[in-house]
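# Chains, contacts and geometry: an overview
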Amino acid sequence: MERTAAKELALAPLQDWGEETEDGAVYSVALRRQRSQRLGPGQRSGDGQAARPAADAFLHYRTSKVRALRAARLERLVRELVSGDREQDPAFVPAFLATHRAFVPTARVLGFLLPPPPPPLPSGVEIKKTEEQDLNLNKNLRAVVSLLGSWLQDHPQDFRDPPTHSDLSSVCTFLDWAAPKGAEARVAKRLLGDFLEEAELEQEEERQPGSPTGPPGGAQTSGPESPEDCAEEERLAPEGPELLDFSVDEVAEQLTLMDAELFSKVRPCECLGSVWSQRDRPGGAGVAPTVRATVAQFNKVTGCVLGSVLGAPGLAASQRAQRLEKWIRIAQRCRELRNFSSLRAILSALQSNPIYRLKRSWGAVSREPLSTFRKLSQIFSDENNHLSSREILSQEEATEGLQEEDTPSGSLSSKLPPGPVPYLGTFLTDLVMLDTALPDMLEGDLINFEKRRKEWEILAHIQQLQRRCRSYCLSPCLPILTALRAQRQLSEEQSYRISRVIEPPAASCPSSPRVRRHISLTKRLSAKLSREKVSSPGGSPGDPSSPTSSLSPGSPPSSPRAKDPPGSPPSSPGIHGPSPKVTTLYLPGSRVPALPLSSPHVPHPGQQGSDARVIRVSIDNDHGNLYRSILLTSQDKAPSVVQRALEKHNVVQPWARDYQLFQVLPGDRELLIPDNANVFYAMSPAASGDFVLRRKEGARPPPSLC
């Protein structure tokens, strides 16, 4: 009987099996299926044809159990760093080192990790050890030394603790004893020397009498208080080329150079939701400095667009249209350079209310730039969890991967395209949402390390993109950088006031840009955490920077609202920007993590039968419109939701009774949630999960709001 060639079964290589508990730690268990081929008659193991299944060969599959630590106490996690099986769980060590600052300080980890050095022995005394004891000691020491070497190289800033840097000093002391001639000891000493030298330089700068005390050059300066002051400032401004006097290529390349440098310096751990969310709390001014630098650059670009378009109220509509067209061409060039950060900043400014409402100016824009503007705006569409922008970045990375395979070694830099520079806001929002939706601790005071694994997936993606950003070969151009710093910055109030002077409120113009925009943060989290395929309802392009509302689906897509609300600045991942897009930070291509088995299910908006969803709550006040994310369950009543929202906004608790909760609905409408109602069932499931807190009439204002 003739035997057919063996066929490989289409089986999943990894299959979830469940959980198991060991010594108080919880492991997730999966089955890994690997193929092993049994040789047929007449075949030898060294035969080169053994790789091909012969007609009389058959296949064997070997199944092995794979465990990954999911939850444990800190002592067990630290022990796993040294004694864990790297082949079984290769992601554990990098995930712990990248995220540990979210749940434990570095000093405490070192306290568990570093064994005390042995005391010096009296002269003439010698302790005899068995060969087995000596082998075990050396094995453990080698594991700790190896771990410290990886830690020092990948996360050196974890050991910065001025002025004495005691953590790094402890590491140096241990390595001097355990591996005095090793590379790890040299790295630790060099790093400690660098930290101490930096501290000395900073002290010298502080002692210098001529040290600057004003705001840094990148900080926003106050603009004119009125259109008349704006014109007066124009007459008094020093002569020099403006930013738009340079070519499109030159401006786009300098923006890309600055964005790439800032993004490559971002510390991924500062993007963690538990870290980034501390920025607005009292004493949080120094939190996440590298992320703040990227945010400041983003806001600077949006401010340049606003200042150049609105800063000259006396321009004719055709002249202002030329400025709009040039910024659209700069945005297109940023897209070609794969700079998604400045591209997003320029589009945010052009879509902001002070510029978006200039109907006569947009009416004078040529058809081709308008078409380009619409296409670029679709990149950052909110539909389906920013699916468009994520797919675009995935395509860019896939192109690089193919070229890497086809490129011989030694010529990689000449063939691969540089970048891309991502929109950092994508990752910030992903991480803030994960931090909001998943608990830090599980039952039994166990650290939820599964949450840290999901965060690590996003941080690893950031690190991968940072390496690619270093491939840009651009040189700084001092005149353009000077013009960028000199560009007048307008506050949101000034921008909208000047915009109304340029074009008083009037009927809409059919040539206004038709930009489809949706504000639905809940849908993003639903797609992220439940891995459900979500679809956005038919969109309506409203005023992109309106604080709490969007147009109804039946409104003309190019018509601003008849009633012009107080304007807001362009959306940005900024710290101070009050736009609802302030944390709408997404990047194409981010991997969508799955919820652990014990985490709550976060449903699609409008889906019935689910017991939790994430909502965004802002406070209606003069401090802007910053949103805070809250996990809402089917058991939450209005008082508890109001109290948690005020906690997130740093408002003292006794004032919770003075606030009412409103859900933002399409078409400038709001739904009042009664004081004692169950918010989960009282809210409209078809609308986005955006809410606003307002003080009740006659209520006293709170004493402080940070």
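Residues numbered from 1 in each chain as written. Predicted model: local features only at pLDDT ≥ 70, side-chain atom pairs only at ≥ 80, totals over all residues. Heavy atoms only, no water.

### What about the packing of aromatic side chains?
For clarity, the threshold we go by: Pairing of aromatic side chains here covers Phe, Tyr and the six-membered ring of Trp, requires ring centres within 6.5 Å, and sorts the geometry by plane angle: under 30 degrees stacked, over 60 edge-to-face, intermediate tilted. Accessible area is worked out with a 1.4 Å probe on protein chains only. A residue is then buried under 20% of its type maximum, exposed over 50%, and partly exposed in between.
Across all of its chains, the model carries 10 aromatic pairs by this definition. Look at tryptophan 151 and phenylalanine 159: their rings are 5.1 Å apart centre to centre, the planes differ by 55°, and that puts the pair in the tilted class. With relative accessibility at 0%, the residue tryptophan 151 sits in the buried group. Among the aromatic residues, those joined into a cluster by ring pairs are Phe92, Phe96, Phe103 and Phe449.

### Quick look at the packing of helix α18 (residues 425-437) against helix α19 (residues 449-469)
For clarity, the cut-off: Only the stretch in contact is used when fitting a helix axis, every axis being a line fitted to C-alpha atoms; angles between N-to-C directions are given from 0 to 180 degrees. Labels follow the DSSP assignment, with helices taken as runs of H or I lasting at least four residues and strands as runs of E lasting at least two, numbered in each case from the N terminus. Orientation labels follow simple angle bins: below 35 degrees gives roughly parallel, above 145 gives roughly antiparallel, 65 to 115 gives roughly perpendicular, and whatever is left gives oblique. In this analysis, two residues are considered to be in contact whenever any of their non-hydrogen atoms come within 4.5 Å of each other.
Orientation of α18 relative to α19, taken along the N-to-C sense of each, is 170°, at an axis distance of 10 Å. Taken as axis vectors, α18 and α19 run roughly antiparallel relative to one another. Contacts between α18 and α19 involve Phe427, Asp430, Leu431, Leu434 and Asp435 on the former and, on the latter, Lys451, Lys454, Glu455, Ile458, Leu459, His461, Ile462 and Leu465.

### A word on the sheet that holds strand β9 (residues 669-673)
Pairing between the strands of a sheet is mediated by backbone hydrogen bonds and can be parallel or antiparallel. Test applied: At least two bridges found by DSSP between two strands are what make those strands a pair.
Taken in spatial order, the 5 strands make up an open sheet running β7-β6-β10-β8-β9, and their pairing is mixed. Edge positions in the open sheet fall to β7 (628-633) and β9, since each of these has one partner strand only. Within the sheet, the average angular offset between the axes of one strand and its neighbour, ignoring direction, is 40°. Here strand β6 (residues 612-619) pairs with strand β10 (residues 690-695) via 4 bridges, running parallel. Residue pairing in the sheet places serine 618 in a bridge with valine 692 of β10. Taken strand by strand, helix α23 (residues 638-648) contacts β6, β7, β8 (659-665), β9 and β10, and its axis lies near 155° from that of β7.

### As for helix α15 (residues 367-379)
Convention followed: To estimate how far a helix should extend, the number of its residues minus one is multiplied by 1.5 Å. To be clear, the arc concerns the directions from the helix axis to the C-beta atoms.
Here α15 contains 13 residues, and its C-alpha end-to-end distance of 19 Å stays within 8% of the 18 Å for a straight helix at 1.5 Å per residue. Every buried residue belonging to α15 is among Pro369, Leu370, Phe373, Leu376, Ser377 and Ile379, and all of these are buried. Down the axis, α15 shows its buried residues gathered within 160° of arc, on one side only. Set apart from the buried face of α15 by more than 90 degrees, the exposed residues are Arg367, Glu368 and Lys375.

### Quick look at helix α11 (residues 317-336)
End to end, α11 covers 29 Å across 20 residues, agreeing with the expected 28 Å (1.5 Å per residue, within 8%). Arginine 338 occupies a position one or two residues after α11 and carries a positive phi of about 65°.

### Things to note about the confidence of the model for the protein
Applicable threshold: The pLDDT value expresses, per residue, how confident the predictor is, ranging between 0 and 100.
Confidence in the prediction for the protein averages 74 pLDDT; 66% of positions are at 70 or higher. For residues 125-135, every residue scores under 50 in pLDDT, and the model assigns this stretch 3 contacts once sequence neighbours within four places are set aside. Note that pLDDT drops below 50 for residues 401-414; the model gives that stretch 7 contacts with residues more than four away or on any other chain.

### Remarks on the packing of helix α1 (residues 74-83) against helix α3 (residues 106-113)
Filter applied, for reference: For any helix crossing, the convention is left-handed if the near helix is rotated counterclockwise from the far helix by under a right angle, and right-handed if that rotation is clockwise. Polar here means any residue other than Ala, Val, Leu, Ile, Met, Phe, Trp, Tyr, Cys and Pro, which are nonpolar, and Asp, Glu, Lys and Arg, which are charged; Gly is therefore polar.
Where α1 meets α3, the closest approach of the two axes is 10 Å, and the angle between their N-to-C directions is 65°. When the axes of α1 and α3 are compared, the pair comes out roughly perpendicular. Our pair here, α1 against α3, has a crossing hand that is right-handed. For the pair α1 and α3, contact is made by Leu74, Glu75, Val78 and Val82 and by Arg108, Val109, Phe112 and Leu113, respectively. Classifying every residue of the contact of α1 with α3 by side-chain character gives 6 nonpolar, no polar and 2 charged.

### A look at the pattern of salt bridges
Heads up, the rule is: Salt bridges are counted wherever a side-chain nitrogen of Lys or Arg sits within 4 Å of a carboxyl oxygen of Asp or Glu.
Applying the stated criterion to the full structure yields 25 salt bridges. Arginine 70 is the partner of glutamate 19 in a salt bridge, and the nearest nitrogen-oxygen pair spans 2.1 Å. Of this pair, glutamate 19 sits in strand β1 (residues 14-22) while arginine 70 sits in strand β3 (residues 58-72), and the two are 51 residues apart along the sequence. What makes glutamate 19 partly exposed here is its relative accessible area of 44%. Residue class for arginine 70 comes out buried when judged on its relative accessible area of 4%. A salt bridge links glutamate 670 to arginine 694, with the nearest nitrogen and oxygen atoms 2.6 Å apart. Of this pair, glutamate 670 sits in strand β9 while arginine 694 is found in strand β10, placing the two residues 24 residues apart along the sequence.

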